[in-house]
Amino acid sequence: MMNKKRLLTMIMLVFMVAAALGMTATAEAKKKKQKVLSLSKAEITLSQTAYTYNGKARKPAVTVRLNGKKLKKGKAYKVKYSNNKKVGKARVTITAKNKKRYKGKKSKTFQINKAGRTLIPGRSSYSAVEGDGAFNITAKPSKGGGTISYSCSTTNVIKVSKTGKVTVVKRGSAKVKIVVSATASYKSASVTVPVTINKKPIRKVNTADSIRNFNYQLPQYSCETKKLTDFSWRIVDKYTIPGLAPTADDDLTKGYIQCNNLCPQGLTFAGDYVLTTAYCMDGVHTSCVFIYNKESGNYLNTLVLKEKSHVGGITFDGSNVWICHANRTSLQRIPYTALKQYASGSKKCVNYQPEELKLPDGDGYHSISNKPSAIAYNPNDGHLWVTEFIAEKKNGKTTEKPVMGAYEYKNNKLQAVTTYLNTIEEDYLGIKTEDVQGSNTQTDVASGAAVTAVLTKRDFSVGQETLTLQTGDLLVRLGDSDISSKADLETALEKYAAGDKVALTVLRQEAGTVRRLEGKMSLGERKTNAVTRPIPYYVQGVAFMENGKTIFSRSYGRNTTKDRYISELMVYDATWDDNISYTWEASLAVILPPMAEEVEIIGSEVYILFESAAMTYLQGTDGSGQSECPIDKIVAVDLQLG
């Protein structure tokens with residue numbers, strides 16, 4: 001019989017196994033009966049429910065809870081955003097990912113609101129002169145687009161069109177309200193700018209009296225110094241500059257000018273024409289070029305440019321007119337053929353439209369290295385020379401030394417004129433040489449270019465050897481040219497460009513014998529620098545005489561009571577060989593009445609344009625005083641320079 005204790009143990013094991021099997025079955029049953037949960041009953045929370053439009057997709061963080069339990073993104077569900085970039089209702093949608101556990105989807109919306117912005121006027125305030133022609137007020141939104149409209153309730157001072165065109169009625173103050181409409185993404189915005197219409201100055205101008213009565217003070221220069229009245233001078237009556245005090249009203253009525261506050265700047269003779277430039281001192285009208293018949297002096301037309309810039313010097317190179325815009329580092333080109341076209345027709349302001357001309361250089365602007373103030377074509381070297389106005393500091397010191405740079409127009413491009421810093425042999429071969437004359441026999445020293453100094457060591461491949469030139473080496477052949485002198489070497493090198501590999505034959509003394517080295521060398525780069533000339537401070541104009549003399553006009557300040565006041569012509573003698581190390585000294589200074597601008601050489605005379613009769617300077621409406629002895633005509637003086 002089975003032991004009683006053993007039987008009891010076996011019975012207990014059976015019960016335990018049965019219990020275990022029952023529990024497993026129950027678990028499996030429960031598992032089979034577990035429900036798939038629907039996300040439609042989930043609670044969705046967003047990290048942010050409202051945004052401001054910024055042009056980018058908005059994606060708030062999503063938290064999902066179901067039956068109080070936080071679900072894991074990527075395991076229980078996935079997220080999709082829609083309409084979440086533009087203004088309006090955006091949507092977040094969660095969709096079940098674990099299909100055995102979850103099903104369905106649910107969405108929640110959030111808001112993207114229009115963004116605020118500002119409206120930026122072209123100027124913080126505007127001013128004009130009573131009697132001026134119409135001008136435009138401009139503004140642009142800081143972001144986005146929208147329709148911009150303009151309005152003004154003070155119609156007895158100015159009238160403003162919806163597009164911002166201002167018509168002057170009479171002297172006074174007004175405010176223009178500018179509004180940009182709301183768009184799909186941005187709110188509307190508005191700004192108000194003040195407009196002041198000043199009284200037109202009334203002051204008589206007598207150029208002859210101004211020249212005679214001016215109190216000329218002769219400064220202590222190292223060169224000879226004289227007064228304008230020490231020379232033969234005359235008023236060039238046949239050219240009347242539009243827009244200045246004596247003729248401004250009549251010019252505006254006739255349509256010669258669009259502004260009663262013009263400031264003359266540049267002067268040049270161009271073929272059949274005389275040209276002067278002027279800019280609006282209120283900054284509301286675009287700059288212009290006045291065209292006159294050179295022979296008769298008759299006014300022909302006003303060429304209205306597109307920029308409200310401080311237009312400056314002007315010159316003619318025989319084919320093109322070049323204009324300085326002091327607010328940008330570029331020159332504007334107007335072909336002479338275009339000038340003739342715009343000079344014809346009825347006398348009036350004519351808008352210059354370069355796009356109609358199909359210029360080979362696009363809009364006619366060419367970049368330069370400085371902000372141009374004055375410009376002149378030099379017949380001695382065929383270059384355009386450009387100056388930048390630089391004022392000397394009160395303590396007599398400045399970190400910037402004024403220079404003028406040379407430019408040339410080739411292949412529809414304006415390029416800075418450059419010169420080589422070293423000789424061709426120094427740059428290409430890295431050496432200096434001198435002539436050696438011999439009998440060219442095997443028993444005597446040959447003729448050639450002997451190396452006197454090695455400036456830069458460059459590889460010279462002779463068979464398997466890599467050598468360098470040495471002091472004492474004699475160059476007797478380069479490429480296909482025999483070398484008998486330094487001049488021969490330079491001529492031979494002119495055939496090649498930097499980087500070329502050229503054959504080179506060198507005689508070298510070694511251990512009492514002459515070794516003939518035939519190899520090849522890669523030529524180095526040529527070092528160049530822009531051609532410039534030092535100039536005085538305060539230069540307003542420049543002109544060149546065919547005898548090599550250069551004349552600068554210099555001015556600063558409108559009356560002699562001001563610090564650093566100056567107005568004069570400075571004459572320099574020069575050679576024109578593109579030698580950038582050339583220095584020069586003034587040989588003559590001629591003291592002038594205030595505010596001399598650009599100058600031009602016509603025969604033996606220097607023609608001088610003044611800005612002292614411009615309305616602002618004449619009346620001193622800017623608070624800086626009136627100009628002394630104003631001049632409203634071109635003045636010609638014979639300096640007897642030969």
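Residues numbered from 1 in each chain as written. Predicted model: local features only at pLDDT ≥ 70, side-chain atom pairs only at ≥ 80, totals over all residues. Heavy atoms only, no water.

A. Region of interest: the overall build of the protein chain. Along the backbone of the protein chain there are 8 helices and 51 strands. Radius of gyration (C-alpha) of the protein chain: 42 Å, far over the 26 Å computed for a compact globule of 642 residues. For the protein chain, the spread of C-alpha atoms along the principal axes amounts to about 155 × 105 × 50 Å. Here the protein chain, with 642 residues, has 46% of them falling under the buried criterion. Across the protein chain, contacts joining residues at least 24 apart in sequence account for 59% of those joining residues at least 6 apart. Each charge class in the protein chain was averaged separately, 91 positive and 59 negative side chains, and the resulting centres sit 31 Å apart. (Helix = DSSP H or I, 4+ residues; strand = E, 2+ residues; numbered from the N terminus. Rg over C-alpha atoms; globule rule 2.2 N^0.38 Å. Buried < 20%, exposed > 50% of the residue type's maximum accessible area, 1.4 Å probe, protein only. Contact = heavy atoms within 4.5 Å. Lys, Arg positive; Asp, Glu negative; His and termini not counted. Charge placed at Lys NZ, Arg CZ, Asp CG, Glu CD.)

B. Structural detail: the pattern of salt bridges. Evaluation of the coordinates by the stated rule reveals 19 salt bridges. We note a salt bridge from Glu-224 to Lys-226, for which the minimum N-O separation is 3.4 Å. Classification of Glu-224 as partly exposed rests on a relative accessible area of 44%. If you follow the salt bridges from partner to partner, you end up with Glu-465, Glu-510 and Arg-515 in one network. (Salt bridge = Lys/Arg side-chain N within 4 Å of Asp/Glu carboxyl O.)

C. Summary view of the packing of aromatic side chains. What the rule picks out here adds up to 19 aromatic pairs. For the pair Tyr-53 and Tyr-186, a centre-to-centre distance of 5.6 Å together with 90° between the ring planes defines the contact as edge-to-face. Taken together, the positions of Tyr-53 in the loop between β3 (50–52) and β4 (62–66) and Tyr-186 in the loop between β17 (172–180) and β18 (189–198) put the pair 133 residues apart, joining distant regions of the chain. Ring plane angle 5° and centroid distance 6.4 Å describe the contact between Phe-389 and Tyr-556, whose orientation is recorded as stacked. With a gap of 167 residues between them, Phe-389 in the loop between β31 (383–387) and β32 (403–410) and Tyr-556 in strand β46 (residues 550–556) connect regions that are remote in the sequence. One aromatic cluster is present, formed by Tyr-239, Phe-269, Tyr-292 and Tyr-607 through successive ring pairs. Directly above the aromatic system of Tyr-428 lies the positively charged group of Arg-526, at a separation of 5.9 Å from the ring centroid. The aromatic ring of Trp-584 is capped on one face by Arg-533, whose charged end is 5.6 Å from the ring centroid. (Phe/Tyr/Trp six-rings, centres within 6.5 Å; stacked < 30°, edge-to-face > 60°. Lys NZ or Arg CZ within 6 Å of the ring centre and 35° of its normal.)

D. Structural detail: the nonpolar core. Among the nonpolar cores identified, the biggest contains 46 residues, and Phe-135, Ile-137, Ile-158 and Val-176 are the most heavily contacted of them. Listed in part, the 27 residues of the second largest apolar core include Tyr-273, Leu-300, Val-350 and Leu-359. (Core = buried A, V, L, I, M, F, W, Y, C linked by side-chain atoms within 4.5 Å.)

E. Just helix α4 (residues 336–343), in detail. Of all the positions in α4, only Tyr-336, Ala-338, Leu-339, Tyr-342 and Ala-343 are classed as buried. Along the axis of α4, the buried positions cluster into a sector of 155°, meaning they face one direction only. The first or second residue beyond α4 is Gly-345, which carries a positive phi of 95°. (Arc of directions from axis to C-beta.)

F. Looking closely at the pairing of strand β2 (residues 43–46). Of the two faces of β2, the one holding Ile-44 and Leu-46 is buried and the one holding Glu-43 and Thr-45 is not buried anywhere. Pairing of β2 with β4 involves 4 bridges; the strand directions are antiparallel. Looking at β4, one finds that Ile-44 is bridged to Val-64. (Pairing = 2+ DSSP bridges.)

G. Structural view of the pairing of strand β48 (residues 586–591). For β48, the buried fraction is high: 5 of the 6 residues fall into the buried class. Looking at chain direction, strand β47 (residues 566–572) and β48 are connected through 5 bridges and run antiparallel. Looking across to β48, one finds that Met-570 is bridged to Ala-589.

H. Highlighting the sheet that holds strand β11 (residues 126–129). Pairing is mixed across the open sheet formed by 4 strands, whose spatial order is β11-β18-β17-β14. Where the open sheet ends on each side, the last strands, each with one partner, are β11 and β14 (148–151). Taken pair by pair, the neighbouring strands of this sheet meet at an average axis angle of 25°, ignoring direction. (Axes fitted to C-alpha atoms, helices over the stretch in contact; angles between N-to-C directions.)

I. Seen up close, helix α7 (residues 486–493). Regarding α7, the residues found buried are Leu-489, Ala-492 and Leu-493. Seen from one end, α7 has its buried residues packed into an arc of 95°, which puts them on one side. The inward-facing, buried residues of α7 abut α6 (424–428), β35 (431–436), β36 (448–454), β39 (474–478) and β40 (481–482).

J. Representation of the sheet that holds strand β9 (residues 105–113) within the structure. Pairing within the open sheet is mixed, and its 4 strands lie in the order β3-β9-β7-β6. Of all the strands in the sheet, just β3 and β6 (77–82) have a single pairing partner and so form its edges. Taking each pair of neighbouring strands and ignoring which way they run, the sheet shows an average axis angle of 25°. Relative to β9, strand β7 (residues 88–96) runs antiparallel, the two sharing 8 bridges. Pairing of Thr-95 across the sheet is with Lys-105, part of β9.

K. Examining the state of the cysteines more closely. On inspection of all chains with the given rule, the structure shows 0 disulfides. Its sulfur unpaired, Cys-152 is 19 Å from the next cysteine sulfur, which belongs to Cys-280. Judged by its relative accessible area of 15%, Cys-152 is buried. (Disulfide = S-S within 2.5 Å.)

L. Focus on unusual backbone geometry. Although it is not a glycine, Ala-511 adopts a positive phi angle of roughly 55°. Within the secondary structure layout, Ala-511 lies in the loop between β41 (501–510) and β42 (513–522).

M. Representation of a positive patch on the surface. A surface patch of positive charge is lined by Lys-78, Lys-80, Lys-97, Lys-99 and Lys-105. Inspection of the secondary structure assignment puts Lys-78 in strand β6. Classification of Lys-78 as partly exposed rests on a relative accessible area of 48%. (Patch = residues over 30% accessible without salt bridge, like charges linked within 9 Å, V, L, I, M, F, W, Y side chains within 5 Å. Areas by Shrake-Rupley, 256 points an atom, 1.4 Å probe, with all protein chains shown as cover.)

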